[in-house]
Amino acid sequence: MSDAELNIDSILSLMGGTIFHFIVGIKIMWGNVAPYITSYLVQFDPSITYHHTLHVYTAVFLGQSLFMYLGGQLERKIGPRPTSYLGAFLISGCTYASSYCKSLSGLIFFQACVGVGIGLSYSAPIICCFGHFTKNKGIVTGIITTGTGAGPFLAGLVATTYVNSENYPVDTVTGLYDPMASPVVGRVPGMFRVLGIMYGCIGLVGASLLMSPPTDEEKEASKKLLSLENGERASLINYGNGTNVYDEAMMADEEPSGSSSIKTSKSSVVKGRRHQRYGSKVKFTATFELTTSQMTKDSLCWLVIATAICTGVSGFYVAATYKNFGQTAIADDHFITVVGCFGCLCSGLSRMLWGSIADRIGHFETLELTAYLSPAVLLVYTLTVDSKLSFGICVCSLYALWGASYCLMPAIAAFLFGDKHLGTNYGFIFFVFGVMCTVIIDGAGFTGWDFGRINYLFVGIGCVGAVLCSRIRFLTSKIKDEKVLKHHRATSSVCSMA
């Protein structure tokens, strides 16, 4: 981050975005509270099982997925702060309203509304900070999404402390708390209310710190008065026309004299967006900005989506089922809760690590590394559940590896398809990703298989994701300078780059 980018508005926005993401990541704590909520609902419907309440988790995820695209559009129209306020209201209010639910369908509805709030406001803090920090976006995304892991860590500890401070074990036969005798069950409504109030306070503080970034006109005016101190651009003005020597040399090399934009078969290059592409040390005088409709016509977009699905779905599955699976061999609710909470924390903290690594070796290479590690760790997790040590290490590792996808995908979307429409473009990618992950996880639940058996299914899906990562890394390995990037946009075909 350059000194020019560090000002009070940018620092406050980064703080606010990180704080706000404490509440947009709460869905990954579902695995921690699933035994409490399932046991609570059983007293009203004895036929309910963990496989049924898994649909509550996927409803949150689906709600987020369906409204991510709309959230990007909303942020462009009303700004990051109002968008975040709306999201915080839905997340907090619907969590509180869930305390009055006595049926599975009612709980699914309110938690889906929580997902809507997450979807509307998820990208607003990230896009806001991208406007303040035009470089090192990998680490910026990593810092903000750290809150996505830290929030569930805090909320999980609060929920378990409130509901089961005595560390009551589940019934060894049913895997549930006795709905008629256990005090754990009666505390579930109060848990929802405490969490709802907490989410509201955190969301209000985080959203209030978000400051709208300067417009392009304001940035251009600032550039005329201040020179960059990092030496990448010289403050030598040529003939008083506002173009420095470096930019003129680049433009003369890359485009015909007098042309205002570079036309391709799919889109035109937007001139004047001077920033550094992620994973490259080359400075560009032009960049490519694709709308969502243009992006969807590029087969590389669908490869990115397929890769995201296969590399990310296993993380969502583990986050929802780790406690149910662990309790089949470990009769210690507090231990499993602490493991899950630290897993959430690892998911958040690891995103700064992945973002920093990606800024050094490349986003595609970093994603590929984590994609190959994930199925291997998931296999060990399945085979060694009897060991507390192994279970704890594997859960934390799976959460940490899962965090890479959240950290890297927004930057990858910006790298390939541009910054201008990032909110709607990434919203569309996440929409398809979320719908397909919901279908896969719900489909696994409908099989009725035990969680150990389902784990092997997700190991296989993870292996497919690793292969897709290698493919996308190979296809994009040459996109390191403007000439190759222009070739990709002109051909706009994965097959043509093979």
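A short tour of the structure in this document, coming up. These numbers were taken from a predicted model, which means no experiment stands behind them.

1. Overview of the overall build of the protein chain
And step 1. In terms of helices and strands, the protein chain carries 20 helices and two strands.
And step 2. Across the 498 residues of the protein chain, 59% fall into the buried class.
And step 3. A separation of at least 24 residues holds for 80% of the contacts in the protein chain among residues at least 6 apart in sequence.

2. So, the pattern of salt bridges
And step 1. This model, assessed by the stated rule, comprises four salt bridges.
And step 2. A salt bridge links aspartate 333 to lysine 323; the nearest nitrogen and oxygen atoms lie 3.0 Å apart. Remark: lysine 323 occurs in helix α13 (residues 299-326) and aspartate 333 occurs in helix α14 (residues 333-361); sequence separation between them is ten residues.
And step 3. Owing to a relative accessible area of 3%, aspartate 333 belongs among the buried residues under this scheme.
And step 4. A salt bridge links glutamate 368 to arginine 473; its shortest N-O distance comes to 2.9 Å. With glutamate 368 in helix α15 (residues 363-383) and arginine 473 in helix α18 (residues 451-476), this pair connects stretches of sequence that are 105 residues apart.

3. Concerning a nonpolar patch on the surface
And step 1. Judged by side-chain polarity, Tyr96, Tyr100 and Ile197 come together as a nonpolar surface patch covering roughly 330 Å² of accessible area.
And step 2. Structurally, tyrosine 96 is set in helix α4 (residues 80-97).
And step 3. Judged by relative accessible area, which is 32%, tyrosine 96 ranks as partly exposed.

4. Focus on the packing of helix α1 (residues 8-24) against helix α9 (residues 188-208)
And step 1. Look at α1 against α9: their axes get within 7 Å of each other, and the N-to-C directions meet at 155°. If you check the angle between α1 and α9, you find them roughly antiparallel. Between α1 and α9 the crossing geometry is left-handed. Taking contact as the criterion, the partners of Gly16, Ile19, Phe20, Phe22 and Ile23 in α1 are, on α9, Tyr199, Ile202, Gly203, Val205, Gly206 and Ala207.
And step 2. Looking at the contact of α1 with α9 residue by residue, the classes come out as eight nonpolar, three polar and no charged.

5. Comments concerning α14
And step 1. Taking 1.5 Å per residue, 29 residues should reach 42 Å; α14 reaches 40 Å between its end C-alpha atoms and fits that length.
And step 2. Of all the bends in α14, the greatest measures close to 25° and is centred on serine 350.
And step 3. Directly beyond the C-terminal end of α14, a positive phi value near 115° is found at glycine 362.

6. Regarding the packing of α4 against helix α5 (residues 104-121)
And step 1. Running from N to C, α4 and α5 cross one another at 165°; their axes reach a closest spacing of 8 Å. When the axis of α4 is compared with that of α5, the two are roughly antiparallel. Here α4 runs over α5; the crossing is left-handed. In this structure, α4 contributes Thr83, Ser84, Leu86, Gly87, Leu90, Ile91, Cys94, Thr95 and Ala97 to the contact, and α5 contributes Phe110, Gln111, Cys113, Val114, Val116, Gly117, Ile118, Leu120 and Ser121.
And step 2. Taken together, the residues of the contact of α4 with α5 break down into eleven nonpolar, seven polar and no charged.

7. Focus: the environment of valine 304
And step 1. Relative to the helices and strands, valine 304 is located in helix α13.
And step 2. A C-alpha to C-alpha distance of 8.8 Å links valine 304 and isoleucine 412, two positions 108 residues apart in sequence.
And step 3. When near neighbours in sequence (up to four residues on either side) are disregarded, valine 304 contacts Met409, Leu416 and Ile472.

8. Focus on the state of the cysteines
And step 1. All told, the structure shown has zero disulfides when counted by the stated rule.
And step 2. There is no disulfide at cysteine 341, and the cysteine sulfur nearest it, in cysteine 344, is 6.2 Å away.
And step 3. This cysteine, cysteine 346, is not joined by any disulfide, and cysteine 396 carries the nearest cysteine sulfur, 4.2 Å off.
And step 4. For cysteine 346, a relative accessible area of 26% gives the class partly exposed.

9. Points about the nonpolar core
And step 1. If you look at the biggest cluster of nonpolar residues, it comprises 129 residues, and the most contacted ones within it are Ile37, Met191, Tyr199, Tyr381, Phe391 and Phe458.
And step 2. At 18 residues, the largest contribution of residues to this core is made by helix α16 (residues 388-417).
And step 3. Contacts of tyrosine 199, omitting those with residues within four sequence positions, involve Ile23, Ile26, Met29, Ile91, Ser92, Thr95 and Ala155.

Conventions used here
- Residues numbered from 1 in each chain as written.
- Predicted model: local features only at pLDDT ≥ 70, side-chain atom pairs only at ≥ 80, totals over all residues.
- Heavy atoms only, no water.
- Helix = DSSP H or I, 4+ residues; strand = E, 2+ residues; numbered from the N terminus.
- Buried < 20%, exposed > 50% of the residue type's maximum accessible area, 1.4 Å probe, protein only.
- Contact = heavy atoms within 4.5 Å.
- Salt bridge = Lys/Arg side-chain N within 4 Å of Asp/Glu carboxyl O.
- Patch = residues over 30% accessible without salt bridge, like charges linked within 9 Å, V, L, I, M, F, W, Y side chains within 5 Å.
- Areas by Shrake-Rupley, 256 points an atom, 1.4 Å probe, with all protein chains shown as cover.
- Axes fitted to C-alpha atoms, helices over the stretch in contact; angles between N-to-C directions.
- Parallel < 35°, antiparallel > 145°, perpendicular 65-115°, else oblique.
- Left-handed = near helix turned anticlockwise from the far one by under 90°.
- Nonpolar A, V, L, I, M, F, W, Y, C, P; charged D, E, K, R; others polar.
- Expected span 1.5 Å × (residues − 1).
- Bend = angle between axes of the 7 residues up to and from the residue.
- Disulfide = S-S within 2.5 Å.
- Core = buried A, V, L, I, M, F, W, Y, C linked by side-chain atoms within 4.5 Å.

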